Amino acid sequence: MLSRSQLEDIAPMDLPLPPGDRYDGSGLSVGIEELHPRDQQSLAALYERLCLIHEQLGSAVRKVPAEAVDLSSSKALADFRYLVRTASSIGQDPSYPIRVRQVIHDIRGGSLLALTGSLDLLGNKLLSENELTQLFCYARDHLKIIRNCFPGIDVAAAERDRSPHLHSMDLIRQKWSTERISINGSSKRVRFECSVDGAISNRCMEFAALDRVLYNLMNNAVQNGDGDSIGLTIFQANPGDSGLARFAVQNHVSPEREAALLSLTHDDTNRLFQGGLSQRGSGLGLQICAEFVRHAVGLDSLRVAVERQYIGARIVDGSFVVWFHWPRVPAKS
């Protein structure tokens, strides 16, 4: 894994934050009516089941001490493969335009992969308090991701998501300081380091956009990384009370995978942000990340965000690292 100093050197540490209003998390969403009727029904069923799981887990988490949950005693939790089947059924029509395919990509991925991967790994057992909290976070996050993708799925909740509400870095720590993450049968240790405090978002809709970036990168790292661990490092990227936080996600790559990746991108791994390039998937994930980042830092195009290194991808010393910047919320004077 790359050291903190290497991650500081990977891009300029004095990137300016362009002036303007703070990004509200919108821009990569579509109307639910743009889905075919069958896909609308599947999306509604997925959202409804996740609401039930979120309610059941939340009820247990809020009890002091947290109430143990037997996975086999909850049909919604025990039949978690229903979530996989339902999400996978959405968007099978290849004629959907790219902006619709982008949101479908995150509906199928996001924190849903971590939720179902964890449930698969845990099996029928009583959940510990940490396991319970982790599952609750995954379910909560994916509901917000769905509303970020399709605000029309739950208009009242989406309106609440748009209301001012500070989100601190503690929410990031809560999710990613876990020991492991499991995606599609692959489990990796998470090496997490965060030296940033304070707020990173001022509304749920913005935080869901940040989540869409992070889950895309973490899911990719788990599924495409070699070795047993992945890394997430977060630190302040420029001086001052506000400014930018740098997020860096990294995973080991074998010499064979490194050669294949460099061949795919013609020795320029930043081409991955253009979309359509992938060793395994659709190639949409990193493009989605770059679009969100360029909105967050107030730039007009994805290309400029990459050129100025607000987001980037590189192979260094056997690690594939993707970094991006997100504006911190200024502390009140």
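Remember, predicted model here, so these are calculated numbers, not experimental data.

S.K.: Sorry, what's going on with the nonpolar core here?
M.R.: Generally speaking, soluble globular proteins have nonpolar side chains that are buried together. One finds Phe-150, Phe-247, Phe-324 and Trp-326 to be the most contacted residues of the largest nonpolar core, which totals 98 residues. Core analysis: the second largest hydrophobic core is formed by eight residues, Leu-2, Leu-7, Val-321 and Trp-323 among them.

S.K.: How do you make sense of the packing of aromatic side chains when you look at a structure like this?
M.R.: Within this structure, the stated rule accounts for four aromatic pairs. The interplanar angle of 70° and the centroid separation of 6.4 Å between the aromatic rings of Tyr-138 and Tyr-215 together place this pair among those described as edge-to-face. One end of the pair, Tyr-138, is in helix α7 (residues 129–149); the other, Tyr-215, is in helix α10 (residues 204–224), with 77 residues separating them in the sequence. The exposure class assigned to Tyr-215 is buried, which follows from its relative accessible area of 0%. On the numbers, 4.8 Å between centres and 10° between planes, the contact of Phe-247 with Phe-324 is stacked.

S.K.: Please clarify how the pattern of salt bridges should be interpreted in this entry.
M.R.: Two side chains with opposite charge may pair up if their charged atoms get near one another. Within the structure shown, the criterion is met by 18 salt bridges. The residue Asp-197 makes a salt bridge to Arg-173 at a minimum N-O spacing of 2.9 Å. A residue pair is termed long-range when its members are at least 10 positions apart, and Asp-197 in the loop between β3 (186–194) and β4 (199–203) and Arg-173 in helix α9 (residues 169–176) qualify at 24 residues. A single salt-bridge network, built from bridges that share partners, covers Arg-140, Asp-141, Lys-175 and Asp-211.

S.K.: Hey, could you run me through the environment of Leu-119 in this one?
M.R.: Considering the arrangement of structural elements, one finds Leu-119 in helix α6 (residues 112–122). Each C-alpha atom, one on Leu-119 and one on Gln-287, is 29 Å from the other, the two residues being 168 residues apart in sequence. In this structure, Leu-119 is in contact with Leu-71, Leu-77, Phe-80 and Leu-135, ignoring residues within four places of it in sequence.

S.K.: What is the right way to look at the confidence of the model for the protein chain in this model?
M.R.: For any part of a model where pLDDT is low, the fine detail of the predicted coordinates should not be relied upon. With 98% of its residues at a pLDDT of 70 or more, the protein chain shows a mean pLDDT of 92. Per-element averaging of pLDDT across the protein chain places helix α3 (residues 75–78) at the bottom with 83 and strand β7 (residues 311–316) at the top with 98.

S.K.: Help me understand the pairing of strand β5 (residues 226–236), please; the structure alone is not making it clear to me.
M.R.: The side chains of a regular strand alternate, residue by residue, between the two faces of the sheet. Pairing between β3 and β5: six bridges, direction parallel. Across the sheet, residue Cys-194 finds its bridge partner in β5, namely Ile-234. Alignment of β5 against strand β6 (residues 244–252), held across eight bridges, turns out to be antiparallel. If you follow Asp-226 over to β6, its bridge partner there is His-252.

S.K.: Can you walk me through the environment of Ala-209 in this structure?
M.R.: Relative to the helices and strands, Ala-209 resides in helix α10. The buried category is assigned to Ala-209, whose relative accessible area is 0%. Sequence-wise, Ala-209 and Asp-24 are 185 residues apart; in three dimensions their C-alpha atoms are separated by 8.8 Å. Excluding residues within four positions of it along the chain, Ala-209 makes contact with Tyr-23, Gly-25, Asn-148, Phe-292 and Trp-326.

S.K.: Would you explain the layout of surface pockets in this entry?
M.R.: Over the atoms rolls a probe the size of a water molecule, and its path tells where empty space is left. Estimates place the volume of the largest pocket at around 840 Å³. Those elements giving two or more residues to the lining of the largest pocket turn out to be α5 (98–108), α10, β6, α11 (255–264), α12 (285–296) and β8 (319–327). Residue contributions to the lining of the largest pocket peak at eight residues, all from α10. Its residues assigned to classes, the lining of the largest pocket shows 15 nonpolar, 16 polar and four charged. A volume near 410 Å³ is recorded for the second largest pocket.

S.K.: Explain α6 here, please?
M.R.: Note on helix geometry: an α-helix contains 3.6 residues per turn, so any two residues three or four positions apart are oriented the same way. Here α6 lies mainly inside the structure; nine of its eleven residues are buried. Listing the buried residues of α6 in full gives Leu-112, Leu-113, Ala-114, Leu-115, Thr-116, Gly-117, Ser-118, Leu-119 and Leu-122. The first or second residue beyond α6 is Gly-123, which carries a positive phi of 70°.

S.K.: Help me understand the packing of helix α2 (residues 37–61) against α7, please; the structure alone is not making it clear to me.
M.R.: The relative placement of two packed helices is expressed as an angle between their axes plus a distance between the axes. With their axes 9 Å apart at the nearest point, α2 and α7 run at an angle of 145° to one another. In the crossing of α2 with α7, the sense of the turn from one axis to the other is left-handed. On α7, the residues that touch Leu-43, Leu-46, Tyr-47, Leu-50, Cys-51, Ile-53, His-54, Leu-57, Gly-58, Ala-60 and Val-61 of α2 are Leu-132, Thr-133, Leu-135, Phe-136, Ala-139, Arg-140, His-142, Leu-143, Ile-146 and Arg-147. Tallied by class, the residues present in the contact of α2 with α7 amount to 15 nonpolar, four polar and two charged.

Parameters and conventions
Residues numbered from 1 in each chain as written. Predicted model: local features only at pLDDT ≥ 70, side-chain atom pairs only at ≥ 80, totals over all residues. Heavy atoms only, no water. Core = buried A, V, L, I, M, F, W, Y, C linked by side-chain atoms within 4.5 Å. Buried < 20%, exposed > 50% of the residue type's maximum accessible area, 1.4 Å probe, protein only. Phe/Tyr/Trp six-rings, centres within 6.5 Å; stacked < 30°, edge-to-face > 60°. Helix = DSSP H or I, 4+ residues; strand = E, 2+ residues; numbered from the N terminus. Salt bridge = Lys/Arg side-chain N within 4 Å of Asp/Glu carboxyl O. Contact = heavy atoms within 4.5 Å. pLDDT = per-residue confidence, 0-100. Pairing = 2+ DSSP bridges. 1 Å grid on protein atoms, 1.4 Å probe; cavity = no way out; pocket = protein on both sides within 12 Å on 5 of 7 lines; lining within 4 Å. Points joined across faces, edges and corners; volume = space filled by probe spheres on them. Nonpolar A, V, L, I, M, F, W, Y, C, P; charged D, E, K, R; others polar. Axes fitted to C-alpha atoms, helices over the stretch in contact; angles between N-to-C directions. Left-handed = near helix turned anticlockwise from the far one by under 90°.

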